[in-house]
Amino acid sequence: MIKVSIFFVETHTHLDLIKRNAEEVVREAAEKKVTKMVTVGIDLESSKIALEFASRFEGVYAAIGYHPNESKLMDVSGWEELEKLAHDKKVVAIGETGLDYYRRRSTIRQQMEAFKKHLNLARKLDLPLIIHDREAHRDTLKILTEKAKGLKILLHCFSGDLDMAKACIERGYYLGIGGVVTFKNAKTLQMITKEIPLEKILLETDSPFLAPHPFRGKPNEPKYIPLIAEKIAEIKGISLEEVAERTSANSKEIFRI
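Quick summary incoming for the structure in this document. (Residues numbered from 1 in each chain as written. Predicted model: local features only at pLDDT ≥ 70, side-chain atom pairs only at ≥ 80, totals over all residues. Heavy atoms only, no water.)

Quick notes on the overall build of the protein chain
(1) Moving on: The helix and strand inventory of the protein chain stands at 9 helices and 8 strands.
(2) Moving on: Relative to its length of 257 residues, the protein chain is compact, with a C-alpha radius of gyration of 17 Å against a globular reference of 18 Å.
(3) Moving on: With the principal axes as the frame, the protein chain shows a C-alpha extent of 50 × 40 × 30 Å.
(4) Moving on: Looking at the 257 residues of the protein chain, the share that counts as buried comes to 57%.
(5) Moving on: By element, 49% of the accessible surface of the protein chain is carried by carbon and sulfur atoms, the whole surface being about 11,900 Å².
(6) Moving on: Taking the 41 positively charged and 38 negatively charged side chains of the protein chain as two groups, their mean positions are separated by 2 Å. (Helix = DSSP H or I, 4+ residues; strand = E, 2+ residues; numbered from the N terminus. Rg over C-alpha atoms; globule rule 2.2 N^0.38 Å. Buried < 20%, exposed > 50% of the residue type's maximum accessible area, 1.4 Å probe, protein only. Areas by Shrake-Rupley, 256 points an atom, 1.4 Å probe, with all protein chains shown as cover. Lys, Arg positive; Asp, Glu negative; His and termini not counted. Charge placed at Lys NZ, Arg CZ, Asp CG, Glu CD.)

Set out below in structure tokens:
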């Protein structure tokens with residue numbers, strides 16, 4: 001039973017990709033004490049939809065940008081339109097952006113150019129940056145080290161090793177911990193979660209992907225955030241209430257919500 005007094009913040013969902021009525025998804029999340037969430041765009045059209053959801057629901061906010069795999073879709077007019085959207089008060093972050101060397105649906109050059117444009121926009125508007133990093137840890141950290149000084153950074157769905165986690169923490173970055181941490185075979189992520197300070201952890205589902213145990217393999221939703229928080233509490237040997245309170249405070253610090 002979750003105490004009435006606590007609440008959670010979902011820092012990374014894709015409401016437009018969840019194949020259910022958005023109003024039901026948001027309502028069911030709220031029933032599980034997930035009272036605020038950030039829905040994330042992966043290209044211009046999904047960024048527009050994210051902002052529409054944010055405008056429609058009080059506790060929903062938007063992050064807008066081009067996923068690295070969609071970098072090839074960026075053109076001058078599309079980027080200019082995205083920049084205009086970024087001035088909306090319900091936009092709380094730029095992204096997700098970064099590098100994906102696993103799928104490579106856009107060339108590395110296209111990804112890097114897009115990554116740097118997102119960095120510049122985040123700096124221009126004083127907004128945090130949500131980073132997608134898949135099998136590109138070295139180059140991601142290199143670009144962030146060179147270009148992101150002074151910016152608030154969230155590495156969503158963190159998949160690096162402990163050394164990378166420590167390097168990120170040293171730079172003041174936040175790490176997004178999602179459903180993978182509940183998997184039996186996720187020993188490395190569980191060890192990292194234990195080692196890093198709670199003050200640098202944010203909760204996320206990346207829904208509809210990566211549902212936590214016992215829903216692994218099924219569509220994910222923001223309402224499963226408490227399952228992730230419970231696992232983090234177990235790993236760290238602390239209360240669920242402490243995880244909820246601290247991660248919600250972290251969300252407020254980075255997103256100003």
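Some words on the nonpolar core
(1) Moving on: By size, the foremost hydrophobic cluster in this structure holds 73 residues, and its most contacted members are F8, L144, I153 and L155.
(2) Moving on: If near-sequence neighbours (up to four positions away) are discounted, I153 is found in contact with L129, I131, L144, A148, Y173, Y174 and I254.
(3) Moving on: Counting 14 residues, the second largest nonpolar core, distinct from the first, contains V9, V38, Y61 and Y174. (Core = buried A, V, L, I, M, F, W, Y, C linked by side-chain atoms within 4.5 Å. Contact = heavy atoms within 4.5 Å.)

Details of the pattern of salt bridges
(1) Moving on: This structure, assessed with the given rule, holds 13 salt bridges.
(2) Moving on: Close ionic contact of K48 with E81 constitutes a salt bridge, the shortest N to O distance being 2.8 Å. One end of the pair, K48, is in helix α2 (residues 44–56); the other, E81, is in helix α3 (residues 76–85), and 33 residues separate them in sequence.
(3) Moving on: Residue class for K48 comes out partly exposed when judged on its relative accessible area of 24%.
(4) Moving on: As a salt-bridge pair, E146 and K142 come within 2.8 Å of each other at their nearest N and O atoms. Residue E146 and its partner K142 are both found in helix α5 (residues 137–147); the two are separated by 4 residues, about one turn of the helix.
(5) Moving on: Owing to a relative accessible area of 49%, E146 belongs among the partly exposed residues under this scheme.
(6) Moving on: The network of salt bridges with shared partners includes R20, E24, E28, E221 and K223. (Salt bridge = Lys/Arg side-chain N within 4 Å of Asp/Glu carboxyl O.)

So, the pairing of strand β5 (residues 129–134)
(1) Moving on: By the criterion of burial, β5 is predominantly enclosed, with 5 of the 6 residues buried.
(2) Moving on: Here strand β4 (residues 91–100) runs beside β5; their pairing, made up of 5 bridges, is parallel. Paired with G98 across the bridge in β5 is H132.
(3) Moving on: In terms of strand pairing, β5 meets strand β6 (residues 153–155) through 3 bridges, oriented parallel. Bridge pairing in β6 links I131 to L155.
(4) Moving on: The β-α-β motif built from β5, the intervening α5 and the parallel element β6 has right-handed crossover chirality. (Pairing = 2+ DSSP bridges. Right-handed = clockwise from strand over helix to strand, strands pointing away.)

Things to note about the packing of aromatic side chains
Two descriptors summarise a pair of aromatic rings, namely the distance from one centre to the other and the angle between the planes of the rings.
(1) Moving on: Within this structure, the stated rule accounts for 2 aromatic pairs.
(2) Moving on: Between F53 and F57 the ring centres are 6.4 Å apart and the planes differ by 25 degrees, which places this aromatic pair in the stacked class. The burial state of F53 is the same as that of F57; both residues are buried.
(3) Moving on: On the numbers, 4.4 Å between centres and 15 degrees between planes, the contact of F215 with Y224 is stacked.
(4) Moving on: For Y224, a relative accessible area of 13% gives the class buried.
(5) Moving on: Over the aromatic face of Y102 sits the side chain of R134, whose NZ or CZ is 3.7 Å from the ring centroid.
(6) Moving on: Its end group placed over the ring of Y174, K200 keeps NZ or CZ at 4.3 Å from the ring centre. (Phe/Tyr/Trp six-rings, centres within 6.5 Å; stacked < 30°, edge-to-face > 60°. Lys NZ or Arg CZ within 6 Å of the ring centre and 35° of its normal.)

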